[in-house]
Amino acid sequence: MSTVTLQTTVVGSYPKPDYLECPDWFKTGQDRYNPGFFNKFHSESSEEVLEKQITRAIQEVIQEQTDIGIDVITDGELRRENYILYFCRHLNGFDFDNLVKETFRNGAWTAYVPTVVSAVGPRDDKPFVLEEWKAAQNLTETPVKITIPGPMTIIGSTANRFYKDRQDLSEALVTVINREVLALAKAGCKHIQIDEPVMMRNPEIAEDYGIEHVSRCFEGLPSDVTTTVHACCGYPLYLDQEDYLKADKTLYGRLAEKLDYAGFDQISIEDAHCHNDLSFLSKFTRTTVVLGVVAVARSRVETTEEIRARIREALRFLPPHRLVVAPDCGLGFLPRDILRAKLKNMVAAARTFPEN
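What counts and how
Residues numbered from 1 in each chain as written. Predicted model: local features only at pLDDT ≥ 70, side-chain atom pairs only at ≥ 80, totals over all residues. Heavy atoms only, no water. Phe/Tyr/Trp six-rings, centres within 6.5 Å; stacked < 30°, edge-to-face > 60°. Buried < 20%, exposed > 50% of the residue type's maximum accessible area, 1.4 Å probe, protein only. Helix = DSSP H or I, 4+ residues; strand = E, 2+ residues; numbered from the N terminus. Lys NZ or Arg CZ within 6 Å of the ring centre and 35° of its normal. Pairing = 2+ DSSP bridges. Right-handed = clockwise from strand over helix to strand, strands pointing away. 1 Å grid on protein atoms, 1.4 Å probe; cavity = no way out; pocket = protein on both sides within 12 Å on 5 of 7 lines; lining within 4 Å. Points joined across faces, edges and corners; volume = space filled by probe spheres on them. Nonpolar A, V, L, I, M, F, W, Y, C, P; charged D, E, K, R; others polar. Contact = heavy atoms within 4.5 Å. Axes fitted to C-alpha atoms, helices over the stretch in contact; angles between N-to-C directions. Parallel < 35°, antiparallel > 145°, perpendicular 65-115°, else oblique. Left-handed = near helix turned anticlockwise from the far one by under 90°.

In this structure, what is going on with the packing of aromatic side chains? I would like to understand it.
The geometry of an aromatic ring pair is captured by the separation of the ring centres together with the interplanar angle, meaning the angle of the planes. In the structure shown here, the tally under the stated rule is 14 aromatic pairs. An angle of 90° between the planes, with centres 5.5 Å apart, marks the rings of Tyr-33 and Phe-37 as edge-to-face. Classification of Tyr-33 as buried rests on a relative accessible area of 5%. We classify Phe-37 as partly exposed; its relative accessible area is 38%. Ring geometry for Phe-38 against Phe-41: centres 6.0 Å apart, planes inclined by 50°, an arrangement best described as tilted. Remark: Phe-41 and Phe-38 occur in helix α2 (residues 36-44); sequence separation between them is three residues, near one turn of the helix. Take Phe-38 and Phe-41: they sit in the same class, and that class is buried. Site record: aromatic cluster; members linked through ring pairs are Trp-25, Phe-26, Tyr-83, Phe-104, Trp-109, Tyr-235 and Phe-333. Across from the ring centre of Tyr-19, 3.6 Å away, lies the NZ or CZ of Arg-56, which sits over that ring.

Written out as structure tokens, the structure is:
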């Protein structure tokens, strides 16, 4: 019987090393993080010293993922204070000085956030995510996946004080994101992921225009670029928190058919933190599923056999060529020794499954 090894990837973030002093919401706790921390840090830090620290940290993360055997790696998002705010800081329209307190994620998260105070758009004609990707890709021959926050998630993490409604703001964000995506593809980036976990918090908006908008973020890409949408059920506030209100996991089944026909190549979903009834995977007749098989906010390390069992269950509903294995979400909460153990077991578990 012929066998196949499933592709492996990571979703995005990695924990920052101690020598990289950039503010980080994983270390602070996202409910206690204030974007003003980064404002102060940026005004006081040496750009040259910081760049050397970032480059060193990215080299270490890339080497670690490569050594473990991850097929599609990331730079660990180590330049970013978090995956949303970094992107917004590079745009016109967002005020990071006058923060407002808002509650999001169905009441699960309250924080001080930047406000949208004028038309959202690029500051100049130089795509900035492109520079972030090039800096990482130049350090390795392994393909580096770049991640960008999606319109729903940006809107669900900031305070709109300018646009008449969410949909108008979303339209503006689609234009900005698409510019970045096209520049990445032109430069040779082959793996582009848009992070849109907030669609799991607002399924009505996702069905109305959210899924269409995230699909339009990828418009104009050549067929050799793999496009992924990540939709987990939400980060908790800290490692091993068990009472965090996550999004309703049954919404995967509700949104599956619309996601399957949206036109992107892969949908990345959470399953390790709380197992789904994976029969909904049969609704994906076109799209590859990136299945979360290790939890990112639990310190317990899943065994190789536990992960293989979950993969076998998924393969009841999907062919092997349309299943990729990954962590549930970014890895920023995890101590490095636990992170390495989880990824090593994940890679080992992905080996030698029946081809048909």
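From this point, the narrative continues.
Looking at this structure, I do not really get the pairing of strand β7 (residues 191-195). What am I missing?
As a general feature of sheets, a regular strand has side chains that alternate between the two faces. Of all five residues in β7, five are buried, a share of seventy percent or more. Both faces of β7 are covered, namely the face carrying His-191, Gln-193 and Asp-195 and the face carrying Ile-192 and Ile-194. Pairing between β7 and strand β8 (residues 226-231): five bridges, direction parallel. If you follow Gln-193 over to β8, its bridge partner there is Thr-228. Handedness of the β-α-β unit built from β7, helix α8 (residues 203-216) and β8 comes out right-handed.

Can you walk me through the sheet that holds strand β4 (residues 109-122) in this structure?
Across a sheet, paired strands are connected by hydrogen bonds in the backbone, their directions being either parallel or antiparallel. Taking strand neighbours across the sheet as the criterion, the three strands line up as β3-β4-β6 in an open arrangement whose pairing is mixed. The sheet is open, and its two borders are formed by β3 (91-104) and β6 (159-160), each paired with just one other strand. Examined bridge by bridge, β3 and β4 share nine bridges and lie antiparallel to one another. Across the sheet, Leu-91 pairs through a bridge with Pro-122, a residue of β4.

Would you mind going over the sheet that holds strand β5 (residues 146-149) with me for this structure?
One open sheet holds the seven strands; their spatial order is β2-β11-β10-β9-β8-β7-β5, and the pairing between them is parallel. The sheet is open, and its two edges are formed by β2 (7-8) and β5, each paired on a single side. Sheet topology note: the β5/β7 ladder contains four bridges and is parallel. Directly across from Pro-149, in β7, lies its bridge partner Asp-195.

Please explain the layout of surface pockets as it appears in this structure.
To find leftover empty space, a probe the size of one water molecule is rolled over the atoms. The space that makes up the largest pocket amounts to roughly 860 Å³. Forming the walls of the largest pocket are 26 residues, and the residues nearest its centre are Phe-38, His-42, Glu-47, Tyr-86 and His-90. Among the secondary structure elements, those contributing two or more residues to the lining of the largest pocket are α2, α3 (47-68), α4 (85-89), β3 and α5 (128-137). Class assignment of the residues belonging to the lining of the largest pocket gives a composition of ten nonpolar, four polar and twelve charged.

Please explain the side chain of Glu-302 as it appears in this structure.
Tracing the sequence through the fold places Glu-302 in the loop between β10 (288-294) and α10 (304-314). Look at Glu-302 and you get buried, because its relative accessible area is 10%. Excluding residues that lie within four positions of it along the chain, Glu-302 makes contacts with Val-293, Val-294, Ala-295, Ile-307, Lys-342 and Asn-345.

Explain the packing of helix α7 (residues 166-187) against α8 to me, please; I cannot follow it from the model alone.
Helices that pack against each other are described as a pair by the angle of their axes relative to one another and the distance between those axes. Across the interface, α7 lies against α8 with an axial gap of 9 Å and an inter-helix angle of 20°. It follows from the interaxial angle that α7 and α8 lie roughly parallel. Here α7 runs over α8; the crossing is right-handed. Touching Arg-166, Gln-167, Ser-170, Glu-171, Val-174 and Asn-178 of α7 are Ile-205, Tyr-209, His-213 and Arg-216, all from α8. Residue composition of the contact of α7 with α8, by class: three nonpolar, four polar and three charged.

In short, the description is geometric, and any link to function would need to be established separately.
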